[in-house]
Protein chains: 2
Amino acid sequence: MRPIFLDSVSLEKAGDLLAARLDSLGIQRLPPERVRVAEAQDRITAEPVFAKYSSPFYHSAAMDGYAVRYTDTFTASETSPCLLKIGRDALYVDTGDPMPEGFNAVIMIEDANLVHDRKPPTDRTSPGDSPWDEEGSLSDCIEIYQSVPPYQHVRTIGEDIVATELIIPEGHRIRPVDMGALLAGGHLEVAVRKRPVVAVLPTGTELVDPEMLRERPPAPPEIIEYNSAVLGGMARESGAEAVCFPIVRDDPGAIREVLLRAVEKADLVLINAGSGRGSDDYTLTAIRELGEVIIHGVSIKPGKPVIIGFIRNKPVVGVPGYPVSAYLAFKLFVRPVIERFLGTASAGGERITALLARQIASPLGVDEFIRVKVGEVHDTFIATPVGRGAGLMMSLVRADGIVRIPAGSEGMRSGSEVEVELMRSRSEVRNTIVCIGSHDNTLDILSNIIKKNHPGYSLSSAHVGSLGGLMALKKGEAHLAGTHLLDERTGEYNVPFLKRLFPGRRMVLVNLVRRRQGLLVRKGNPKGIQGFKDLVRDDVMFINRQAGSGTRLLLDKHLRELNINPFMIRGYDKEEYTHMSVASAVLTGLADAGLAVFSSAQALGLDFIPVAEERYDLAIPYEFMDTEKIGIVLGVVRGNAEFRGLVQSLGGYDMGDMGKVMYEGEGGV
Amino acid sequence: MRPIFLDSVSLEKAGDLLAARLDSLGIQRLPPERVRVAEAQDRITAEPVFAKYSSPFYHSAAMDGYAVRYTDTFTASETSPCLLKIGRDALYVDTGDPMPEGFNAVIMIEDANLVHDRKPPTDRTSPGDSPWDEEGSLSDCIEIYQSVPPYQHVRTIGEDIVATELIIPEGHRIRPVDMGALLAGGHLEVAVRKRPVVAVLPTGTELVDPEMLRERPPAPPEIIEYNSAVLGGMARESGAEAVCFPIVRDDPGAIREVLLRAVEKADLVLINAGSGRGSDDYTLTAIRELGEVIIHGVSIKPGKPVIIGFIRNKPVVGVPGYPVSAYLAFKLFVRPVIERFLGTASAGGERITALLARQIASPLGVDEFIRVKVGEVHDTFIATPVGRGAGLMMSLVRADGIVRIPAGSEGMRSGSEVEVELMRSRSEVRNTIVCIGSHDNTLDILSNIIKKNHPGYSLSSAHVGSLGGLMALKKGEAHLAGTHLLDERTGEYNVPFLKRLFPGRRMVLVNLVRRRQGLLVRKGNPKGIQGFKDLVRDDVMFINRQAGSGTRLLLDKHLRELNINPFMIRGYDKEEYTHMSVASAVLTGLADAGLAVFSSAQALGLDFIPVAEERYDLAIPYEFMDTEKIGIVLGVVRGNAEFRGLVQSLGGYDMGDMGKVMYEGEGGV
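Undergrad: Hey, could you run me through the interface of chain B and chain A in this one?
TA: Many analyses report the size of an interface as the accessible area lost when the parts associate. Tallying the contact residues gives 110 residues for chain B and 108 residues for chain A. At the boundary of chain B with chain A, total buried surface from both sides reaches about 9500 Å², with 60% on carbon and sulfur atoms. At the boundary of chain B and chain A, one finds 10 salt bridges. For B:Glu211, the salt bridge goes to A:Arg36, with nearest N and O atoms at 3.0 Å. Linking chain B with chain A are 31 residue pairs in polar contact (both at pLDDT 80 or more). If you tally residues by element for the side of chain B that touches chain A, the top one is helix H2 (residues 176-184) of chain B, at 8 residues. For the side of chain B that touches chain A, the residue count by class is 57 nonpolar, 22 polar and 31 charged.

Undergrad: It is not clear to me how the sheet that holds strand S5 (residues 82-85) of chain B should be interpreted in this structure. Could you clarify?
TA: The strands making up a sheet associate through hydrogen bonds between their backbones, and the pairing can be parallel or antiparallel. Residue and element names in this part refer to chain B. A sheet is described by the order of its strands in space; here 3 strands give the open sequence S5-S9-S8, paired in antiparallel fashion. Whereas interior strands pair on both sides, the edge strands pair on one side only; in this sheet they are S5 and strand S8 (113-115). Direction aside, the axes of adjacent strands within the sheet are offset by 35° on average. As paired strands, S5 and strand S9 (residues 141-144) are joined by 4 bridges and run antiparallel to one another. Looking at the pairing, Lys85 lines up with Cys141 of S9.

Undergrad: Is there a simple way to explain the packing of aromatic side chains in this structure?
TA: Each aromatic ring pair is specified by the distance between its two centres and by the angle formed by the two planes. In this structure the tally under the stated criterion is 10 aromatic pairs over all chains. With a centroid separation of 5.8 Å and 80° between ring planes, the pair formed by A:Tyr66 and A:Tyr92 is classed as edge-to-face. One end of the pair, A:Tyr66, is in strand S4 (residues 65-68); the other, A:Tyr92, is in strand S6 (residues 91-93), with 26 residues separating them in the sequence. A relative accessible area of 7% means that A:Tyr66 is categorised as buried. Ring centres of B:Phe598 and B:Phe608 lie 5.1 Å apart, and the angle between their planes is 90°; on these two criteria the pair is classed as edge-to-face. Placement of the pair is B:Phe598 in helix H14 (residues 598-604) and B:Phe608 in strand S36 (residues 607-621), with a sequence separation of 10 residues. Both residues of the pair, B:Phe598 and B:Phe608, belong to the buried class. The ring of B:Tyr622 carries B:Arg506 above its face, with NZ or CZ at 3.8 Å from the centroid.

Undergrad: How should I be thinking about unusual backbone geometry in this particular structure?
TA: Glycine aside, a negative phi is what most residues show, and trans is what most peptide bonds show. The omega torsion across A:Ser55 and A:Pro56 is -10°, close enough to zero to call that bond cis. The topology assignment puts A:Pro56 in the loop between strand S2 (49-50) and strand S3 (60-61). In this chain, A:Lys301 is followed by A:Pro302 through a cis amide linkage whose omega measures -10°. Phi is positive for A:Asp42, close to 70°, though the residue is something other than glycine. Positive phi is not limited to glycine here, since B:Asp379 has a value of about 65°. Tracing the chain through its elements places B:Asp379 in the loop between strand S24 (367-377) and strand S25 (380-385).

Basis of the calculations
Residues numbered from 1 in each chain as written. Chains lettered and ligands numbered in written order. Predicted model: local features only at pLDDT ≥ 70, side-chain atom pairs only at ≥ 80, totals over all residues. Heavy atoms only, no water. Contact = heavy atoms within 4.5 Å. Buried area = accessible area lost by both parts, 1.4 Å probe. Salt bridge = Lys/Arg side-chain N within 4 Å of Asp/Glu carboxyl O. Polar contact = N/O pair within 3.5 Å; in protein donor to acceptor, adjacent residues only side chain to side chain. Helix = DSSP H or I, 4+ residues; strand = E, 2+ residues; numbered from the N terminus. Nonpolar A, V, L, I, M, F, W, Y, C, P; charged D, E, K, R; others polar. Pairing = 2+ DSSP bridges. Axes fitted to C-alpha atoms, helices over the stretch in contact; angles between N-to-C directions. Phe/Tyr/Trp six-rings, centres within 6.5 Å; stacked < 30°, edge-to-face > 60°. Buried < 20%, exposed > 50% of the residue type's maximum accessible area, 1.4 Å probe, protein only. Lys NZ or Arg CZ within 6 Å of the ring centre and 35° of its normal.

What follows is the structure in structure tokens.
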């Protein structure tokens, strides 16, 4: 039942194999189609477009004023002005008016002195030259004091676009300004590349259409089918049209049948394994039976079990089932085919250089793609790895970019320079407020309110525990850190740690909340847990927080006080990184008890046995206090009523000191 | 008839006035609407979305193998393996299968040794503990050599998403990965901001709908209406829905009527002046009569005559008629209103720092927006201003970005650092091959072929004449320069100039073409021009090329040889920058003759009086010869059959030396 891999090929080899087979099958750009310019936005030109007409296509006045023949003005000077008869030698024109036939310059209205009912100058004798006619009805003239050069204040033909001139080249993505220039150049339609049709086939007996959720919650062994939405969206983003097929069960005949229908209809077919239960094999076998498989397995992580084949000259990509694998398989193997069809280049995300905040180990021989959060601290981009599992959709939602660890590397040291392909714009990354440290549920609310009230900014919080956060501040990897570290000796929160860790550096502590920590147990407390002493019972499984977190220190302090050997506690070595993960473990029966904040118990409907009230502060380097980023955070914490209301509703928080400076000073002094 | 401006306000003041009035009228975000997640791509969330269900929502096998109870494995070791009976203590599971009730770890299939038909070990006495039953039908076991920790190889509930966890915040633009996470978290629909409806009203009696072009070419005084397409496209790009109205003639009643219909239908109305002929006034008066005008005239260039008002609580923007003014008015005053409706931030284009290639003078008291081309040479971004006229649509098509010269500045020196807001992506700008120098029509073809065959790259050519191009190379502003400079003393092309201008720097000359230069005259040569001597005739108007261009040098050389005083030539002081502009001037009667290459005569159907054959080379700094950019240029020039065919079809070119290195060496030696 396990898929049999052809020899996995390297990422580079896979790309080459795919390109070579596309070449040999003659699979190139799709044929052009003509669309109206007004509907051509974001389409790709299939040929260069040259102007049919010039723009403007007639000489026109560039100013309001009088059209004149410039030769009539040769003799004009301050001392000997020149008189031009309106209606014969000077014609009033508004900006944009065609120049009257034979006229070739414009005098601005403010430079032309209107002259009425003057006597003809005595030195003018020829009646033909005189602006005064016998009737006196056309007796108005303009008087000018300066000769004008040819085509003064005239928009000449072709000033903007010369007929035959190139407007946009082939392979160009049409923007609004291009639409304007195409119409100005006389094009009503434009030849663009047909959008490739990408068929997305979800397969897997356990998969259920998300529409089902309208009626009831999902139940095991069902899996909500959401990869189609991601793959279809990515296809559209790449300029293709996506056709999502209904779910196909794991049945060789059904898979063959839908593959044939899909290759009929589409230019490119994605078949997405629903789960590992043999469906990969069915996909593989079906493509083999109907066409050929050229790649089965690529040495990448995640995404290894990708299949690439061809049926009836159409590329078929077997996309792995795990969401991150599916995402990467699309980026690496599907997008390039779409781009080939369109004749566009894979710009991909923008690439920046960042410093890695944590070391990454990675297997040799595999190109690994690590999702990272990125922030800019002290003018340096810092990349912090997030969850690496292939099944973690949220790791893609939270990531700002992707770092590739090449096959020849066993990993990267903390602090080393890495290239990040961004998933957001550089300016969004620049406007990210980086909070690394202890987790608290109020940070999610803070993040929301900031995004809502300051749409250009976002708060990114990474949960590495209080000590980890202070270390991140020290290394210049964050703008602020959430911390609730109790100094056992003095009973004081946070301050002693700042003093010890930041010698000679001025630091500020601003209180976020005081909060209640306690033991979470399932509703009704089925195991009758009363306190820490029950944790050593044989029938009690505990779930711990990671070393370095304030909550872990709190636990260890209580255990010490109670003389409980931690190694007597089952599950002491199983660590989670957030309060909510602890709560979830208790809710779902992975554990019977865990130490966490009240709001996490409230969120998941667990019972709560209070243990301590503690102070949760934001540690901020003094030099950041005047920055816009910290200003935004403090603004919300100190003055936003919605924020206070939402924190209140989480439960278990005391906001008496919220926003107050608890400490400011240098460490080590 | 001239528009009467309220006191123009500064750009900053205008923004503040607009924001304050929107605030006081309570014009904020548009209400939310619920859409299917599958259709929510690129929409903006109207509220934070929290997970309804965990994902996964049941514990499932993360590997193919056997589900076991981890407590059953405590005693396993290499020397004393543990036997688990299949069907009772070990259940086969595929990846993704729900964990059977009571089982809490998975042993990978490769770590489980299948054992058949073995005798029961003698130390096992209790039949209940034995995996061998009496019948022998369930006689298969797995043998394991190592204890397993709880939840080994189990995807636990909430591993990806914990129910109640924040998936995406409010004000977030939904990407394909977000769609996946929303569905995984149990959301079938999502609340997004309604797209604002932007009405675009073109007004102007001379305007004609581009559809008219299907029947006939435009005729004066018609103006093809293309601003609607640009404004509508920009509105869509900003996340709005655009409704383009038919053209309204310059009639106060008609304008009032359409404004009323538009404010009924839309959230924001753009009324676009067709021309200067009083229509601005009609717009102003109409908005005043129906509502109020808060801004008429902003001290920006281009774009000054912008009008901002409100009718029935709907913002109405009077967008100036010139295309660049319209573009800027949208960026500065329309996009921010759309973003307010959507609750998004104005990211705008990416901002980079570049060195200015030419000085810019700019009036005090006006914020001027200069369009620039940008290229990266020697790891430095170089910004070269392009045409500044408000009427130059093509300047927006060609530009890579915009530089703002603030009101307090009279301009910027050449070489100064400027901030550029990019209109393309940084990577597109990085992959731009910058060619500055003499103009030749083959450069357009080269640019096309490069874009087509190397979609990631583009060739940008700026036309400043041969000498200007060499100076740009010298200053590090270009990768290559087209040059055709004849040294009068030696009769040699280009080489003497390189030697003189680049002392100590190794330079390469690669021939592009040899080409015929000659006098262009209108078809049939109505003025009977035979050669340079006719240029001094009174009835002949000449059109010149700019000083520093090779063509100008060629002209001056011939005039000297013929003892013709240039100042006897009418139009000698009227300069154009390209062959095509010269050809266009002759075609449209601005001039009777000009000196240009044969292909420009052929393109516009002019007669051609040959004067000289000359060598047009590409000058390339030696250190660029091995770069990918120059490699692409040389690849096309040397080996692309389509390129040769197209150059051939332009006419007047000799390709005998095309691609050949004509010279390589240091200057000044």
